[in-house]
Structures are given as C-alpha cells and as structure tokens.
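Remarks on the overall topology
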Amino acid sequence: MHQDMALVATVAIGFVLAAGFGYLADRLRLPPLVGYLVAGIMMGPFTPGFTADSALAAQLAEIGVILLMFGVGLHFSASDLIAVRGVAIPGAIGQIVLATLLGMGLCSLWGWSLGAGLVFGLCVSVASTVVLLKALEERNLVNSPNGRVAIGWLIIEDLAMVLTLVLLPIIAQVLGDPGADAAHQASASGTSIVLTIVLTLVKLGAFAVLAIVLGPRLVPWLLTLVARTGSRELFTLTVLAIALGIAFGSATIFGVSFALGAFFAGVIMSESHLSHRAAADSLPLQNAFSVLFFVSVGMLFNPMVVFEQPVAVLATVALITFGKSLIAFGFVLLLRYPVSMALTVGASLAQIGEFSFIVAGLGVSLGLLSQEGHDLILAGAILSITLNPAIFWAAGKLKIAMSGAMPGYGERKFATLSHALDVIKAKAEERENQQQLKKQQLLSMFPLFSQVNDHALEELLLLFRPTSASPGDKVIRVGERGDAMYFISAGAAEVRLPGNAILLEAGSFFGEMALLSGGLRTADVIAVDFCQFLKLDRRDFNIFMTRHPRLRAAVSDMARERKRMNVAPDTGSPVPE
C-alpha cells in the first residue's frame, strides 16, 4: 500500500475491526472495549496480516484522549475538584507512593535495577482516566459523589505524573553516573532536582492562573461570538479548536500533558451557558477517537509475553488489580469515608493506561527500563483493562455484602461532601433553568417563534441586542433604510401613519417590512412609555430567516396582510411602519 494512504488505512481498518470485534464482545456479554483491544492486537506488528502505522494510531489516540478529557471537564467544574480535595489529594499521593514502593519491591525480587523498579512502580501506580470514564459512564456514576471523587483522584494522579515526566531524566542521570566524585554529583543533582521542581510548579501555577482568571472571561465570550453567527459547523469547529488548541498550547508552553490541558479547557468552557451544546456537538468525535485509543493500546501488545513470562505477567496484573486497589481502599477508609466510596475508588484504580505507556516509553529511552519491563507493563495494561468491568461488578457485590459490616462509618463526611456537590450541581442546574426560562418567556411573549426549534430559540437569544427608549424618542423614522426589526418586551410605542396612530404594547413587533422588501421605512415609530426592545439587526435577520423559511413565510404573510389592511389587528401582530 502506498505510504500516502497510511493514515486512511489506519483509520478505516481500525474502525472496521473495532466495530466488528466490539459487536462480537457485546454478544459475548463482554464490554465493547475488549473488542477494541482485540482489534488493535489484530492490527499490530505481532500478529499476521495487515500491520497499521503504530505512530499514526498513537497520535489519533491522543486526539481521542484530548476530546474525552475535554468532555469530562465540561461536566466537572473547578468547584467539584475543590469539593473532593480532602480525599482526592492525600489519597492519590499516598496511593502513588505505596504502589510505587510495591512495584519496586516486586522488581527487586526479579533482580532488576533500582531505576527499572522505580519506573515500573510509577507505571503501575497511575490509572487510566479514559478507562475510568468509560466504566463510570456505563454505570451512570459520573455525576455521583463516588464518581466525582474517583475522577478527582485521577486528576491528581495526572498532575503528579506531569512532575514525574520532568524529573525522570534527572533521576536517570543520578542513578546512571556513580563514581569517585559521587558526593559532588549528588549535591549538583540535588540542586538540579530542586530547581526543576520549582520551575515545574511555577509553570503549573502560571497555567492554573491563566486557566482560572483569563479562561472564564475569554472562552465563553468567544463561544457566544461564534454562536451569534448561527453556523452550527463553525460553532463545532470553534469548540474543537478551543479543546485541541488549549491542550496543545498547555503542553508546548507549560509542559502540561495534552489530557490535562484538555480537561482544564473543558472546565473553562463549562462556565458558559453554551457548554451543553458544546458537549453535544463534540460527543460523536469523542466516541470515535476514544475507540482509537483502545485500538492503539492493543497494537502495542505482544501476546507472546503471556506465554514466555506467565508468572511475571500474573504478578504484574495482581499488583495492578488487587494491590493498588487495596491501597486505595485503605486510604479512603483512613480518611473516614464510607466503604461504598472505598470500593468504587478501588475498582476505578484497578487498571493502568495512557500515562503508564508514556512513563514506560520514557524509561526505555533513558535506559532505565528494559524492553522486557515495557512488555510486562503493556501486558498488565491490556489484561487489567479487560478485567476492570469484572472488578466493578465484584465491587458492586461487595457493597451489598458489606453494607452492614461498618454501619454509619464515614457517613458524616460523605454527607458533607454530597451536600457540597449538590450545591454545585444546583447552581449549574439553576443557570441552565434560567436559560430555559428565557426561551419560554420569549415564546410566551412572541408566539410567532413557535415555528422554530429549541436550538433556534437559543440562537435568537444570542442574536437579540437589548435596547431601550424613553417617552417621545423616535425608534424608527419614515424614509430611513431599514436596519433592524424590533420586538417590544416592555412598555409601549406608537406607529404614526398619515391620519392614524396605532398603539403597540409589550409582545408586539415592528420594522420587518423594510427588511423584507429592501425599501425604506413608511412610518415613524415613537415610544410613548419607557420601552425595552429586543433588536434583531438586518444581517442577523436575513441570516436567521434564511435558515428558517417557515418563519420567514409567516412573517412575510403577516406583513402583506398588514400592508393590505393598513391597520393593526391586535397586540402581537405585525404593524405598519
């Protein structure tokens, strides 16, 4: 196959095999992601037949991780992260430390070096956020307190891994350069480590400040600006540009991972009332590219390692699925939270994923980890991801069995956390309800807009420009070129015709005839009270009416009837100008 078709072949065959094996896995009552992993193995270099470009697949998978983490951020506000900090921060840090030590201990039994043990331990200590989200979504736990804690826990792990990736090359120099001048080397390396940590923390702090201070001001404004164009494809493109742009920029400038940058992009965008629309528009791409993530993982796996080193593979899987889960379970209980949360968090961490591959790859390139260790980590990832649904099922059964074992334990702290999360959720729902109320009020006051759907109403609210007039002000003048259509939301205005005057009250609208005909204004409209108007400019009027021909036809019919009769039938109908 021609090299230029490598991208097309990788995507096309990846999707075809993933769809086929995903369906087969579902028929066998297995999670579809098991089928995606098998599809990757079939496309990998260790099985006969077609071999996909693994580098391209990894980059496509990275886009999937970015979009998925962006979607998490859209539904996970900064307030959520602050609310779960009491359990997520100490739990995640403590679990990483103990799991890394367990990994190092296991490697020492195999006779590996200290550096190899450190890399191996770090790889098994951090779970995959992508796998966790799939598991929580399938069980409708994403918005539950336990799900929020699990997501917050993994966000802290991701932050810790960012620091790890920066420090690992320095650690490799320390471990790889013993000699006569060891004291001097240790002192210099210690200074270098401290400076690196400080620099990394400064970069993370700068990124956080920009994300918290500048992001909520700029991103919602930009989304509103684009949404006012009425173009669905341009809005979707802007959403993707923000997600991918912030992810790439944060990785390039601040050294933050793509996934973490995308998560904060979603958190920033969640402050906009358009966040639900952004989530809906990006969801299909999230699903498609997240499949490629699992396919790319499968491509890296060499099935022969299971037969060549069965004991080592079993030990690795046991450490990931049981050792790490027990550590997390214990930390949650030590922090005085209930057993149900401990089991959910434990099951959530019983797998490894994207950061493990990154750390393992860096370890191999630095000479700390052998290819054998890299293969064991990949085997552990594949098998732990496959077993994770069964572990969640077992955790659910244990919740029932242990419900009476520790009655009341941790309920007070759990209730406090649940209340804090409920308050955050209520505020978000209130913001959404206010938007829905605005649309209902618009329909109630102007029944004409019942011709359009909910998205169009939301677009109208963005297109309208509120304006006001005092008694005696001329809103439009006879002979002027039509520049806008006006909808009276409060007050009253009067249309001055030769020998006639027509009173318009709240709920009426005027000014559409000149826009439809392209002619000049035929009457003055004067405010007789303090008026509030919703003004639809000429350009927005033309674009919106073009997209909604039924509404344009209704407005045109009303305008022709009004012109013929030259009277105002009743409030809420169009009137002459």
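Residues numbered from 1 in each chain as written. Predicted model: local features only at pLDDT ≥ 70, side-chain atom pairs only at ≥ 80, totals over all residues. Heavy atoms only, no water.

1. Observations regarding the overall build of the protein
Each helix and strand counted, the protein has 22 helices and eight strands in total. On the principal axes, the C-alpha backbone points of the protein span a range of 105 × 60 × 55 Å. Among the 577 residues that make up the protein, the fraction classed as buried is 51%. Once local pairs closer than 6 in sequence are excluded, the contacts in the protein between residues at least 24 apart make up 79%. Separation of charge centres in the protein, based on 38 positive and 40 negative side chains, amounts to 6 Å. (Helix = DSSP H or I, 4+ residues; strand = E, 2+ residues; numbered from the N terminus. Buried < 20%, exposed > 50% of the residue type's maximum accessible area, 1.4 Å probe, protein only. Contact = heavy atoms within 4.5 Å. Lys, Arg positive; Asp, Glu negative; His and termini not counted. Charge placed at Lys NZ, Arg CZ, Asp CG, Glu CD.)

2. Structural notes on the pattern of salt bridges
For the coordinates displayed, the defined rule picks out 10 salt bridges. Between Asp 524 and Lys 474 there is a salt bridge; the shortest N-O distance is 3.4 Å. Residue Asp 524 is located in strand 7 (residues 524–527), and its partner Lys 474 is located in strand 2 (residues 474–476); the two are separated by 50 residues in the primary sequence. Owing to a relative accessible area of 37%, Lys 474 belongs among the partly exposed residues under this scheme. The network of salt bridges with common partners includes Lys 439, Asp 454 and Glu 458. (Salt bridge = Lys/Arg side-chain N within 4 Å of Asp/Glu carboxyl O.)

3. Observations concerning helix 17 (residues 371–401)
Its 31 residues place the ends of helix 17 42 Å apart at the C-alpha level, agreeing with the 45 Å of an ideal helix rising 1.5 Å per residue. The sharpest bend along helix 17 comes to roughly 40 degrees, located at Asn 388, with the proline Pro 389 sitting one to four residues further on. (Expected span 1.5 Å × (residues − 1). Bend = angle between axes of the 7 residues up to and from the residue.)

4. As for the nonpolar core
Membership of the largest hydrophobic core comes to 132 residues, with the highest contact counts inside it found for Phe 120, Trp 153, Met 269 and Phe 294. Counting 22 residues, the second-largest nonpolar core is a separate cluster that includes Met 485, Phe 509, Phe 541 and Phe 544. (Core = buried A, V, L, I, M, F, W, Y, C linked by side-chain atoms within 4.5 Å.)

5. Let's talk about the side chain of Gln 351
By secondary structure assignment, the location of Gln 351 is in the loop between helix 15 (339–348) and helix 16 (354–365). The buried category is assigned to Gln 351, whose relative accessible area is 0%. Only 2.7 Å separates the side chain of Gln 351 from the backbone oxygen of Ser 348, close enough to count as a polar contact. With residues near it in sequence (within four places) discarded, Gln 351 still touches Val 126, Ala 127, Ser 128, Val 131, Leu 132, Ile 320, Lys 324, Ser 384, Ile 385 and Asn 388. (Polar contact = N/O pair within 3.5 Å; in protein donor to acceptor, adjacent residues only side chain to side chain.)

6. What about the side chain of Arg 538?
Among the structural elements, Arg 538 can be located in helix 21 (residues 538–547). Here Arg 538 is buried and forms no salt bridge, its nearest opposite-charge partner Asp 483 lying at an N-O distance of 7.2 Å. Once residues within four sequence positions are removed from consideration, Arg 538 is found in contact with Arg 481, Gly 482, Asp 483, Ala 484, Ala 514 and Leu 515.

7. Focus on the packing of aromatic side chains
Inspection of every chain in the model, using the stated rule, returns 15 aromatic pairs. Taking 5.7 Å as the distance between ring centres and 85 degrees as the angle between the ring planes, the aromatic pair formed by Trp 112 and Phe 120 counts as edge-to-face. Relative accessible area serves as the criterion here: at 17%, Trp 112 is assigned to the buried category. A relative accessible area of 0% means that Phe 120 is categorised as buried. Chaining the aromatic ring pairs together yields one cluster made of Phe 446, Phe 449, Phe 464, Phe 487 and Phe 509. (Phe/Tyr/Trp six-rings, centres within 6.5 Å; stacked < 30°, edge-to-face > 60°.)

8. Some thoughts on the sheet that holds strand 3 (residues 484–490)
Strands pair in a sheet through their backbones, by hydrogen bonds, and they do so in one of two ways: parallel or antiparallel. Read from one edge to the other, the open sheet built from four strands follows the order 1-8-3-6, with strand pairing classed as antiparallel. Every interior strand has two partners, whereas the edge strands, strand 1 (465–469) and strand 6 (509–510), have only one. Looking at chain direction, strand 1 and strand 8 (residues 531–537) are connected through five bridges and run antiparallel. Opposite Arg 465, over in strand 8, you have Lys 535 as the bridge partner. (Pairing = 2+ DSSP bridges.)

9. Points about the packing of helix 3 (residues 54–74) against helix 12 (residues 275–300)
Relative placement of two packed helices is described by the angle separating their axes and the distance separating the axes. One can describe the packing of helix 3 onto helix 12 by two numbers: an axis separation of 6 Å at closest approach and a directional angle of 145 degrees. In terms of crossing hand, the pair formed by helix 3 and helix 12 is left-handed. Tallied by class, the residues present in the contact of helix 3 with helix 12 amount to 17 nonpolar, eight polar and no charged. (Axes fitted to C-alpha atoms, helices over the stretch in contact; angles between N-to-C directions. Left-handed = near helix turned anticlockwise from the far one by under 90°. Nonpolar A, V, L, I, M, F, W, Y, C, P; charged D, E, K, R; others polar.)

10. Observations regarding the state of the cysteines
Here the structure, examined in full by the defined rule, presents zero disulfides. With no disulfide of its own, Cys 123 lies closest to Cys 107 among cysteine sulfurs, the gap being 9.6 Å. (Disulfide = S-S within 2.5 Å.)

11. Considerations on the confidence of the model for the protein
Mean pLDDT over the protein works out to 83, with 93% of the residues at or above the 70 mark. Taken as a whole, residues 177–186 scores under 50 in pLDDT and shows one contact with residues more than four places along the chain or in a different chain. Within the model, the stretch residues 567–577 combines pLDDT values under 50 with 41 contacts to residues more than four positions away or in other chains. (pLDDT = per-residue confidence, 0-100.)

12. What about the sheet that holds strand 2?
One open sheet accounts for four strands, arranged 2-7-4-5; its pairing is antiparallel. Taken across any chain shown, the strands that pair with only one partner, and hence form the sheet edges, are strand 2 and strand 5 (500–505). When strand polarity is set aside, the average angle formed by the axes of neighbouring strands in this sheet is 30 degrees. Of the pairings in the sheet, the one linking strand 4 (residues 492–497) to strand 5 comprises six bridges and is antiparallel in character. Across the sheet, the residue bridging to Ala 493 is Leu 504, located in strand 5.

13. Regarding a nonpolar patch on the surface
A cluster of nonpolar side chains, Ile 89, Ile 93, Val 97, Leu 98 and Leu 101, forms an exposed patch at the surface whose accessible area comes to about 420 Å². Among the structural elements, Leu 101 can be located in helix 5 (residues 85–109). (Patch = residues over 30% accessible without salt bridge, like charges linked within 9 Å, V, L, I, M, F, W, Y side chains within 5 Å. Areas by Shrake-Rupley, 256 points an atom, 1.4 Å probe, with all protein chains shown as cover.)

14. Comments concerning the environment of Val 291
Among the secondary structure elements, Val 291 is positioned in helix 12. A relative accessible area of 13% places Val 291 in the buried class. Through-space distance from the C-alpha of Val 291 to that of Phe 15 is 7.9 Å; in sequence the pair is 276 residues apart.

15. Topic: the pairing of strand 8
Of all seven residues making up strand 8, five are buried, and the element is well covered by its neighbours. Relative to strand 8, strand 3 runs antiparallel, the two sharing six bridges. Within strand 8, the residue paired with Ile 488 across the bridge is Phe 533.

16. Looking at helix 16
Every α-helical turn comprises 3.6 residues, leaving residues that sit three or four positions apart pointing alike. With 12 residues, helix 16 extends 17 Å from end C-alpha to end C-alpha; this agrees with the ideal 16 Å at 1.5 Å per step. Those residues of helix 16 lying buried are Glu 354, Phe 355, Ser 356, Phe 357, Val 359, Ala 360 and Gly 363. Just past helix 16, the residue Gly 367 takes up positive phi, approximately 80 degrees.

17. Examining unusual backbone geometry
Of note, Asn 140 is a non-glycine position whose phi angle comes to about 55 degrees, a positive value. Taking relative accessible area as the criterion, Asn 140 reaches 70% and is therefore assigned exposed. Within the chain, Arg 336 stands out as a residue other than glycine whose phi angle is a positive 65 degrees. Of note, Arg 336 is situated in the loop between helix 14 (310–334) and helix 15.

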